[in-house]
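Structural overview for review
Letter by letter, the chains look like this.
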Amino acid sequence: MTRQPDAVFLDRDGTIMEDAHYISSPDQVRLLPGAATAIKRLNDAGIRVIVVTNQSGIARGIFTVADYEAVRRRLEDLLAAEGAHVDASYYCPHHPSTDGPCACRKPGTRMFEDAMRDWRLNSETVAYVGDRWRDVAASKKLGGRGIMIASPMTSAEDRGLAERDGIETASTLEQAVEMLFGLTAPRRTP
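None of the values given here were measured: they were computed from a predicted structure. (Residues numbered from 1 in each chain as written. Predicted model: local features only at pLDDT ≥ 70, side-chain atom pairs only at ≥ 80, totals over all residues. Heavy atoms only, no water.)

1. Quick word on the side chain of Arg 105
Relative to the helices and strands, Arg 105 resides in the loop between α3 (96-99) and α4 (110-119). Although Arg 105 is buried, it makes no salt bridge; Asp 99 carries the closest opposite charge, 8.1 Å away. Beyond its immediate stretch of four places on either side in the chain, Arg 105 contacts Asn 54, Ser 56, Cys 92, His 94, His 95 and Pro 96. (Helix = DSSP H or I, 4+ residues; strand = E, 2+ residues; numbered from the N terminus. Buried < 20%, exposed > 50% of the residue type's maximum accessible area, 1.4 Å probe, protein only. Lys, Arg positive; Asp, Glu negative; His and termini not counted. Salt bridge = Lys/Arg side-chain N within 4 Å of Asp/Glu carboxyl O. Contact = heavy atoms within 4.5 Å.)

Shown next, in the form of structure tokens:
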């Protein structure tokens with residue numbers, strides 16, 4: 001039997017909600033089909049749900065921290081309307097072209113490490129789910145289980161990196177959650 005994680009780190013754009021590139025308005029927030037159901041399932045099992053997201057639009061001046069917070073609240077409201085919730089959200093506002101390198105921008109691990117410290121999590125008992133290799137790469141550095149959602153937005157390069165690293169793949173967040181519960185057999189990146 002598969003051991004359920006104590007927490008799941010979820011990417012936001014392209015994993016929970018549509019990736020509209022630099023979302024700056026709550027009006028742009030659209031949940032992906034099945035995302036709220038998947039998150040509610042994690043909630044009902046007592047698994048922490050923590051969003052970890054790169055938001056370089058802040059550094060690039062495309063939107064503000066206040067805009068990001070308004071989008072975050074809208075996402076949480078839409079989830080709540082379907083009985084789901086996020087326990088915490090962490091974001092990186094940086095971009096290398098404006099701020100130089102930072103430890104928090106995924107695939108960096110700082111946001112994950114901060115969340116593990118804040119929530120007293122063991123790195124071996126967490127899972128990382130996202131639609132890009134950078135969302136799940138921390139599983140190889142810190143421990144835990146990585147599942148990449150191979151969406152139309154997932155590049156061939158990301159698929160190749162996931163295959164190289166032995167990262168499992170799913171087609172949706174719902175399928176990734178089924179894999180975490182041991183209800184769907186793990187898949188390797190095709």
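2. What about the packing of aromatic side chains?
On inspection of all chains with the given rule, the structure shows 4 aromatic pairs. When the centroid spacing of 5.4 Å and the interplanar angle of 35° are considered together, the rings of Phe 9 and Tyr 128 count as tilted. On the criterion of sequence distance, the pair formed by Phe 9 in strand β1 (residues 7-10) and Tyr 128 in strand β4 (residues 126-130) is long-range, its members being 119 residues apart. Residue classification places Phe 9 among the buried positions, given a relative accessible area of 1%. (Phe/Tyr/Trp six-rings, centres within 6.5 Å; stacked < 30°, edge-to-face > 60°.)

3. Examining the pattern of salt bridges
Within the structure shown, the criterion is met by 14 salt bridges. A salt bridge links Arg 12 to Asp 13; the shortest N-O distance between them is 2.6 Å. Under the relative-accessibility criterion, Arg 12 is labelled buried at 2%. Among the salt bridges present, the one from Asp 118 reaches Arg 117, with a minimum N-O distance of 2.9 Å. A residue is classified by how much of its surface remains accessible, and Asp 118, at 40% relative accessible area, is partly exposed. A relative accessible area of 55% places Arg 117 in the exposed class. Ionic contacts of the salt-bridge type, sharing partners, join the residues Arg 110, Asp 114, Arg 117 and Asp 118 into one network.

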